[in-house]
2 protein chains.
Amino acid sequence: MNAETLSQLAPSHLAYVPFVSVANMMRLVHHIGIERFLTDLAAHIEEDFKRWPEFDKTPRVASHVPGGVIELMPTADDRLYGFKYVNGHPKNTRTGHQTVTAFGVLSEVSTGYPVLLTEMTVLTALRTAATSALVGKYLAPKGAEVMAMIGNGAQCEFQAMAFRALCGINRLRLYDIDPSATLKAKRNLEVQGFEITTCSSAQDAVEGAQVITTCTADKQYATILTDNMVGRGQHINAIGGDCPGKTELHRDILLRADIFVEYPEQTRIEGEIQQLADDHPVTELWQVMRGEAEGRRNEAQLTLFDSVGFATEDFSALRYVRNLVQNTDFAENLDMLADPDDPRDLFGMLQRSAG
Amino acid sequence: MNAETLSQLAPSHLAYVPFVSVANMMRLVHHIGIERFLTDLAAHIEEDFKRWPEFDKTPRVASHVPGGVIELMPTADDRLYGFKYVNGHPKNTRTGHQTVTAFGVLSEVSTGYPVLLTEMTVLTALRTAATSALVGKYLAPKGAEVMAMIGNGAQCEFQAMAFRALCGINRLRLYDIDPSATLKAKRNLEVQGFEITTCSSAQDAVEGAQVITTCTADKQYATILTDNMVGRGQHINAIGGDCPGKTELHRDILLRADIFVEYPEQTRIEGEIQQLADDHPVTELWQVMRGEAEGRRNEAQLTLFDSVGFATEDFSALRYVRNLVQNTDFAENLDMLADPDDPRDLFGMLQRSAG
């Protein structure tokens, strides 16, 4: 076989898709620095929220399977298309698996060709936290210093890092029904310089907190917070209520809070507000970020971010990572797309590969 | 760093997803033999059609973008979940890109973890052809020997190989508006031992053919076949009409044919029958394969397979490939899933990776 024949058989550059592995994603985060990564990621998320009408939006496609859910979350603007695959299996930890794993793809709209494949388990944890803290910038009471964190699982520390990077919160009150989860979070966060108080109950945790983050993983209606536990003027960052039949807050809290959501069509199916009437008023975050709707109006107001995670946030994360890894060794090339010399000659390429 | 620390940092087996590249897919096809691959693949597709009610089915999620479409096609049974990413950009060939590229993922329902990532550009060409020929087994007139092929692009030769492997058809009449496409197909198929006639028009091509395959790629309403060109007793295998606004057959043909479809909810949106009333009677293929509906009844009947491609066919293909590549070197392991020792300690894993 001569060199010319070999070069005809080798995949062309069009056949390759840059792939960011878990190891490379972690290396990338450390290379940038985790707080700067979260801040820059939040800036990308904010930028995309501000151009909300440019996106092709659809509620995610959820396949509810025994034990969990598998979701595809696509969105696109006029140049790029992105989607994320993500599962949610609350009982996975019993067998040593992650509750949530994810990967994502970014493609060029003009050709439909993928231009990035990346792990998104780590990236989703970062983008979820960056989104929460970004929303916190708009809704948390001025001068907030203390955050209660109820649920100290895989998302907990990422939330803490993002709230410090974006909102300056350094004091945390941790509670989980499983004390070993709280110890794990305490250990990880003390190293990062946080001032930690471990608490004996959710009631205990919210004491003196201006921001309350709820982030539990049970796939069922649960009541992590009841109305008597929440005062006035706080901001609730509700992460865990994110699929049908799974909520964390008592309905009475929702009835007196001003509720902010990513995409009402999806949040009404999956968020805390699935407990409310379909026409219960909510404010869309993109309008707040564009200055077209009010965020926090006064110190007495109870605000609630009913977070479920939306496809544009993943799109922002994919866009950010693509910009970071292009032409670096943080991505490796995968031979994922067939690319015959003559695009119509796929069969000929297959035949020639036998030689 | 000692060996124990290193082994803690290396991804566990749970972090890896087997990946089949384009090069390995082609190697696999040759290893099995293309006709046997098509026959075995068709057997998997038939097996899954026969257990149709077991699948969670939904029309694909299509993002119509300027110049084409990007689709996600998910389906699941109670053990496995699969989806395919596929684009369709008819003008791509002008810039040396494929009209269609695809990749797919198979996951375990019980954990949501992906267990296979594979190229599907080559695999989709094979499964589309295997499905057509499988349907041909049920609907083509007895003793069919000649197939007209109108549209000689990337799918053409795969269709020919499958119809020979499954239906014994060895004589082909080729026509394409672009003569160079016909020459390309002729060259590739003569090597495979087919008896080829190149034709000067679609009218010419259908002369004496018992099976007519239409497979053109324009994203618009086109009339490749008019009613006067089609006689009685033929089987039409209509591949190209597969998205809204894209059809190949004149409506009058549809009105006198018995029409067979994969999944009516999707075909009414995307197939030839988008030209007909929403309640125009069609027969579902899974019912024919289970013996619950009639296929071809007599020699005079005009049958039409209005192919659009359905998610279960990709599921069958993913299932087949997974069985073939498990524990072989046709798949390489990708570090795609984060897998901390303690599933709740994703942040700890990230922190430790900095060391």
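Just so it is clear, the structure is predicted and the values come from calculations on it, not from any experiment.

Caption draft 1: Highlighting the sheet that holds strand S6 (residues 114–119) of chain A. All names here are of chain A. Ordered in space as S2-S3-S4-S5-S6-S1-S17, the seven strands form an open sheet in which the pairing is mixed. The sheet terminates laterally at strand S2 (61–65) and strand S17 (332–335), the two strands that pair on one side only. Averaged over all adjacent pairs, the angle separating strand axes in this sheet is 20 degrees, with direction ignored. One ladder, built from five bridges, connects strand S5 (residues 102–108) with S6; its direction is antiparallel. When the sheet's bridge partners are listed, Ser-107 is paired in S6 with Pro-114. Running over the sheet, helix H4 (residues 121–139) touches strand S3 (68–76), strand S4 (80–88), S5 and S6 and is turned about 90 degrees from S6. Here helix H11 (residues 311–325) sits on the sheet in contact with strand S1 (16–20), S3, S4, S5 and S6, set at roughly 115 degrees to S4.

Caption draft 2: Molecular detail of the environment of Lys-184 of chain B. Along the polypeptide, Lys-184 of chain B turns up in helix H6 (residues 179–191). For the pair Lys-184 of chain B and Asp-341 of chain B, spaced 157 residues apart in the sequence, the C-alpha separation amounts to 54 Å. Among residues more than four places away in sequence, those in contact with Lys-184 of chain B are Asp-342, Arg-344 and Asp-345 of chain A together with Asn-152, Gly-153, Ala-154 and Glu-157 of chain B. From its side chain, Lys-184 of chain B meets the backbone oxygen of Asn-152 of chain B in a polar contact 2.9 Å long.

Caption draft 3: Geometry of the packing of H4 of chain A against helix H5 (residues 156–167) of chain A. Residues and elements named next belong to chain A. Axis separation between H4 and H5 bottoms out at 8 Å; the angle between their running directions is 40 degrees. Comparing their axes, H5 and H4 come out oblique. The two elements H4 and H5 cross, and the hand of that crossing is right-handed. Contacts from Ala-125, Leu-126, Thr-128, Ala-129, Ala-130, Ser-132, Ala-133, Leu-134, Gly-136 and Lys-137 of H4 reach H5 at Phe-158, Gln-159, Ala-162, Phe-163, Leu-166 and Cys-167. Of the residues in the contact of H4 with H5, the class split is 11 nonpolar, four polar and one charged.

Caption draft 4: Here's a closer look at the interface of chain A and chain B. Taken together, the contact pairs 74 residues of chain A with 74 residues of chain B. Of the roughly 6,800 Å² buried between chain A and chain B on both sides combined, carbon and sulfur atoms contribute 68%. Three residues stand out in chain A for area buried against chain B, namely Arg-344, Phe-347 and Leu-350 of chain A, and they jointly supply 11% of the buried area on that side. If you look at where chain A meets chain B, you find two salt bridges. Measuring nitrogen to oxygen at the nearest pair gives 2.6 Å for the salt bridge that ties Arg-344 of chain A to Asp-178 of chain B. There are 38 residue pairs in polar contact (both at pLDDT 80 or more) connecting chain A and chain B.

Caption draft 5: Here's a closer look at the sheet that holds strand S9 (residues 195–198) of chain A. All names here are of chain A. If you trace the eight strands from one edge of the open sheet to the other, you get S9-S8-S7-S10-S12-S16-S14-S15, paired in parallel fashion. Looking at which strands have only one partner, the edges of the open sheet turn out to be S9 and strand S15 (283–284). Pairing geometry for strand S7 (residues 146–150) and strand S8 (residues 171–175), over five bridges, is parallel. The residue of S8 that forms the bridge with Ala-148 is Arg-173. Each of S7, S8, strand S10 (211–214) and strand S12 (235–238) is contacted by H5, which is oriented at about 165 degrees to S7, the strand it contacts most.

Caption draft 6: Geometry of H6 of chain B. The end-to-end C-alpha separation of H6 of chain B is 19 Å, in line with the 18 Å expected for 13 residues at 1.5 Å each. Among the residues of H6 of chain B, Ala-181, Thr-182, Lys-184, Ala-185, Asn-188 and Leu-189 of chain B are the ones counted as buried. Buried residues of H6 of chain B fall within an arc of 160 degrees about the axis and therefore sit on the same side. Along H6 of chain B, the residues that are exposed and aim more than 90 degrees away from the buried face are Pro-179, Leu-183, Arg-187 and Val-191 of chain B. Against the buried residues of H6 of chain B lie helix H12 (346–352) of chain A together with helix H5 (156–167), strand S8 (171–175) and strand S9 (195–198) of chain B.

Caption draft 7: Inspection of the relation of the copies chain A and chain B at higher detail. Mapping chain A onto chain B calls for a rotation angle of 180 degrees and an axial translation of 0.0 Å; the resulting RMSD is 0.0 Å. Between the two chains, the operation in question is that of a two-fold axis. Most of the interface of chain A is mirrored in chain B: 100% of its interface residues are interface residues there too.

Caption draft 8: Inspection of the packing of aromatic side chains at higher detail. All names here are of chain B. Across all of its chains, the model carries 25 aromatic pairs over all chains by this definition. Considering the side-chain rings of Trp-52 and Trp-286, the 6.3 Å spacing of their centres and the 10 degrees angle between planes classify their relative orientation as stacked. Separated by 234 residues along the polypeptide, Trp-52 in the loop between helix H3 (34–50) and strand S2 (61–65) and Trp-286 in helix H10 (residues 285–289) bring together distant segments of the chain. You can call Trp-52 buried: its relative accessible area is 4%. Ring centres of Tyr-263 and Phe-310 lie 4.6 Å apart, and the angle between their planes is 35 degrees; on these two criteria the pair is classed as tilted. Within this pair, whereas Tyr-263 is found in the loop between strand S14 (258–261) and helix H9 (264–270), its partner Phe-310 is found in the loop between strand S16 (303–306) and helix H11 (311–325), the two being separated by 47 residues in sequence. Since its relative accessible area comes to 10%, Tyr-263 is described here as buried.

Caption draft 9: Expanded view of the domain arrangement of chain A. All names here are of chain A. Splitting chain A by domain gives domain 1 (3–122 + 312–344) and domain 2 (125–309). Once you take the C-alpha centre of each, domain 1 and domain 2 turn out to be 26 Å apart. The partner domain 2 presents 31 residues to the 32 residues of domain 1 that form the contact. Approximately 2,800 Å² of surface area, both sides summed, lies buried where domain 1 meets domain 2, with 64% of it carried by carbon and sulfur atoms. Per-residue buried area on domain 1 facing domain 2 is highest for Leu-38, Arg-60 and Glu-313; these three make up 21% of the total on that side. Taken together, the links from domain 1 to domain 2 amount to three salt bridges. With its nearest N and O atoms 3.7 Å apart, the salt bridge here joins Arg-127 to Glu-313. The interface formed by domain 1 and domain 2 includes seven residue pairs in polar contact (both at pLDDT 80 or more).

Cut-offs used in this document
- Residues numbered from 1 in each chain as written.
- Chains lettered and ligands numbered in written order.
- Predicted model: local features only at pLDDT ≥ 70, side-chain atom pairs only at ≥ 80, totals over all residues.
- Heavy atoms only, no water.
- Pairing = 2+ DSSP bridges.
- Helix = DSSP H or I, 4+ residues; strand = E, 2+ residues; numbered from the N terminus.
- Axes fitted to C-alpha atoms, helices over the stretch in contact; angles between N-to-C directions.
- Contact = heavy atoms within 4.5 Å.
- Polar contact = N/O pair within 3.5 Å; in protein donor to acceptor, adjacent residues only side chain to side chain.
- Parallel < 35°, antiparallel > 145°, perpendicular 65-115°, else oblique.
- Left-handed = near helix turned anticlockwise from the far one by under 90°.
- Nonpolar A, V, L, I, M, F, W, Y, C, P; charged D, E, K, R; others polar.
- Buried area = accessible area lost by both parts, 1.4 Å probe.
- Salt bridge = Lys/Arg side-chain N within 4 Å of Asp/Glu carboxyl O.
- Expected span 1.5 Å × (residues − 1).
- Buried < 20%, exposed > 50% of the residue type's maximum accessible area, 1.4 Å probe, protein only.
- Arc of directions from axis to C-beta.
- Least-squares fit on C-alpha atoms with pLDDT ≥ 70 in both.
- Phe/Tyr/Trp six-rings, centres within 6.5 Å; stacked < 30°, edge-to-face > 60°.
- Domains from an automatic or database assignment.

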